[in-house]
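So you can see what is in the structure, the chains are spelled out below.
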Amino acid sequence: MLIRDAMGDDWPAIWPFLHDIVAAGETYALPRDLGEQAARDHWLPAPPWHTTVIVNNFGDILGSAKMGPNREGPGSHIATASFMVAPASAGQGAGRALGTDMLEWARAEGYRGVQFNAVVETNTRAVALWKSLGFTVIGTVPEAFHHPARGYVGLHVMYQSLS
């Protein structure tokens, strides 16, 4: 697998899995009916944001990550990131590779930490992955996410110091 910067030409390969993941409504606090242009604007923002893709040996995109400052101004020294792995590629290490790459990028860019603002507590695979990469749950907002099958569940705020 190879991780590289995302390009505009990658969007047709990203959109189908991004659409399906968001439409399922189980892991992202985005509108389930998010349109393609709004999704593209959200996932491929301008600098200082940075978006990557992970590809297999055939050049197929398995997943993507976007990363940048968690806040503007005095909070811009803490990064945040979002990750999407195509469901067909789940369990193959793409998420771990994207997470590791994001941490390396954040360190190289001089961020002092990485904060995930909204990790759905029922997304146990993601929670376990981030914990294995050194993140801790620093708080949970109860009932902050309306899961389509489980009702109101919590959103974890997860953090890792890079300093």
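Residues numbered from 1 in each chain as written. Predicted model: local features only at pLDDT ≥ 70, side-chain atom pairs only at ≥ 80, totals over all residues. Heavy atoms only, no water.

1. Details of the side chain of Lys66
Move 1: You can see Lys66 is positioned in strand β3 (residues 61–69).
Move 2: We note that Lys66 is buried and unpaired, the nearest opposite charge coming from Asp41 at a distance of 11 Å.
Move 3: A distance of 2.7 Å separates a polar side-chain atom of Lys66 from the backbone oxygen of His42.
Move 4: When residues no more than four places from it in sequence are discounted, the contact partners of Lys66 are His42, Trp43, Pro45, Trp49, His50, Thr51, Thr80, Ala81 and Ser82. (Helix = DSSP H or I, 4+ residues; strand = E, 2+ residues; numbered from the N terminus. Buried < 20%, exposed > 50% of the residue type's maximum accessible area, 1.4 Å probe, protein only. Lys, Arg positive; Asp, Glu negative; His and termini not counted. Salt bridge = Lys/Arg side-chain N within 4 Å of Asp/Glu carboxyl O. Polar contact = N/O pair within 3.5 Å; in protein donor to acceptor, adjacent residues only side chain to side chain. Contact = heavy atoms within 4.5 Å.)

2. Concerning unusual backbone geometry
Move 1: Residue Pro48 is bonded to the preceding Pro47 through a cis peptide linkage, with omega at 20 degrees.
Move 2: Structurally, Pro48 can be placed in the loop between α2 (36–43) and β2 (50–55).
Move 3: We note that Glu143 has phi near 55 degrees; this positive angle belongs to a residue other than glycine.
Move 4: Mapped onto the elements of the fold, Glu143 is located in strand β6 (residues 136–147).

3. A closer look at the packing of aromatic side chains
Move 1: A complete count under the given rule lists seven aromatic pairs for this structure.
Move 2: Between Phe83 and Trp130, the ring centres sit 4.6 Å apart and the planes meet at 40 degrees, which makes this aromatic pair tilted. Separated by 47 residues along the polypeptide, Phe83 in strand β4 (residues 78–85) and Trp130 in helix α4 (residues 124–132) bring together distant segments of the chain.
Move 3: When its relative accessible area of 13% is taken as the criterion, Phe83 is described as buried.
Move 4: Taken together through their ring pairs, the aromatic side chains of Phe83, Phe116, Trp130 and Phe135 make up a single cluster.
Move 5: When the ring centre of Trp49 is taken as reference, the NZ or CZ atom of Lys66 above it lies at 5.0 Å. (Phe/Tyr/Trp six-rings, centres within 6.5 Å; stacked < 30°, edge-to-face > 60°. Lys NZ or Arg CZ within 6 Å of the ring centre and 35° of its normal.)

4. Let's talk about the nonpolar core
Side chains that are nonpolar tend, in soluble globular proteins, to be buried together.
Move 1: Ranked by internal contacts, the top residues of the largest apolar core, which has 42 residues, are Leu18, Phe83, Met102, Val114, Phe116, Trp130 and Phe135.
Move 2: Breaking this core down by element, the ones donating at least two residues are α1 (11–24), α2, β2, β3, β4, α3 (94–108), β5 (113–120) and α4.
Move 3: It is α1 that provides the largest number of residues to this core, a total of seven residues.
Move 4: Once residues within four sequence positions are removed from consideration, Phe83 is found in contact with Tyr28, Trp43, Ser64, Ala65, Leu98, Gly99, Met102, Phe116 and Trp130. (Core = buried A, V, L, I, M, F, W, Y, C linked by side-chain atoms within 4.5 Å.)

5. Section: the UniProt feature "domain: N-acetyltransferase" (unreviewed entry) in the protein chain
Move 1: UniProt's feature table lists "domain: N-acetyltransferase" (unreviewed entry) at residues 1–159, given in the numbering used throughout.
Move 2: Secondary structure within residues 1–159 divides into 29% helix and 35% strand; the distance between the first and last C-alpha atoms comes to 27 Å. (UniProt positions renumbered as here; feature names shortened; annotations may be inferred.)

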